[in-house]
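# Understanding the architecture of this molecule
In case you want the letters, here they are:
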Amino acid sequence: MNTAIRCIVVLLACATIYVNFSISAILNCRCVKTSTAVNASLIHRVEELEPRPYCNRKEVIVVLKDGSSRCLDPKGRFAKAVLLITHM
Ligand SMILES: *[C@@H]1O[C@H](CO)[C@@H](O)[C@H](O)[C@H]1NC(C)=O
């Protein structure tokens, strides 16, 4: 095979692997959408998940007293306040 073609094939293969990895890094996150705030008096506990190999972003999950859970935007003011309280 021509060297130039071989180079392109290798690049394409790498790009494909990279795209697959990026997509799975998003799909394997727990949160699909995030809320900016939830009713604080309904919060039962807070889970803080750091970026990990299969999910490339930080997630903040609150479990409510009714057993349901919500995701908070980790950059939002509400999530920061909640984390500050849980770390005290
Ligand atoms: C939050 O939940 C409590 C308990 O159910 C309720 O009394 C209160 O009105 C709620 N606050 C808001 C802002 O929805």
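Rules and cut-offs
- Residues numbered from 1 in each chain as written.
- Predicted model: local features only at pLDDT ≥ 70, side-chain atom pairs only at ≥ 80, totals over all residues.
- Heavy atoms only, no water.
- Near = heavy atom within 4 Å.
- Polar contact = N/O pair within 3.5 Å; in protein donor to acceptor, adjacent residues only side chain to side chain.
- Areas by Shrake-Rupley, 256 points an atom, 1.4 Å probe, with all protein chains shown as cover.
- Disulfide = S-S within 2.5 Å.
- Helix = DSSP H or I, 4+ residues; strand = E, 2+ residues; numbered from the N terminus.
- Salt bridge = Lys/Arg side-chain N within 4 Å of Asp/Glu carboxyl O.
- Buried < 20%, exposed > 50% of the residue type's maximum accessible area, 1.4 Å probe, protein only.

An unreviewed UniProt entry lists the protein chain under the name Chemokine interleukin-8-like domain-containing protein, from Cyclopterus lumpus.

## Some points on the site of the ligand
Taken together, Asn-39, Ser-41 and Leu-42 form the complete shell of residues around the ligand. In the environment of the ligand, an oxygen atom lies 2.4 Å from a nitrogen or oxygen atom belonging to the side chain of Asn-39. Ser-41 is positioned such that a nitrogen or oxygen atom in its side chain is 3.3 Å from an oxygen atom of the ligand. Protein contact buries 25% of the 360 Å² of open area that the ligand shows by itself.

## Section: the state of the cysteines
Enumeration over the complete set of coordinates arrives at two disulfides. The disulfide partner of Cys-29 is Cys-55, and the S-S distance across this bridge is 2.1 Å. A torsion of 100 degrees about the S-S bond marks the disulfide between Cys-29 and Cys-55 as right-handed. One end of the pair, Cys-29, is in the loop between helix H1 (3-27) and strand E1 (43-49); the other, Cys-55, is in the loop between E1 and strand E2 (59-64), and 26 residues separate them in sequence.

## Structural notes on the pattern of salt bridges
Here the structure, examined in full by the defined rule, presents six salt bridges. For Glu-48, the salt bridge is made with Lys-58, and the minimal N-O distance between the two is 2.8 Å. Taken together, the residues Glu-48 in strand E1 and Lys-58 in the loop between E1 and E2 connect sequence positions ten residues apart. A relative accessible area of 29% places Glu-48 in the partly exposed class. On the basis of relative accessibility, which here comes to 28%, the residue Lys-58 falls in the partly exposed class. Ionic pairing is found between Arg-52 and Glu-59, a salt bridge with its closest N-O pair at 2.6 Å.

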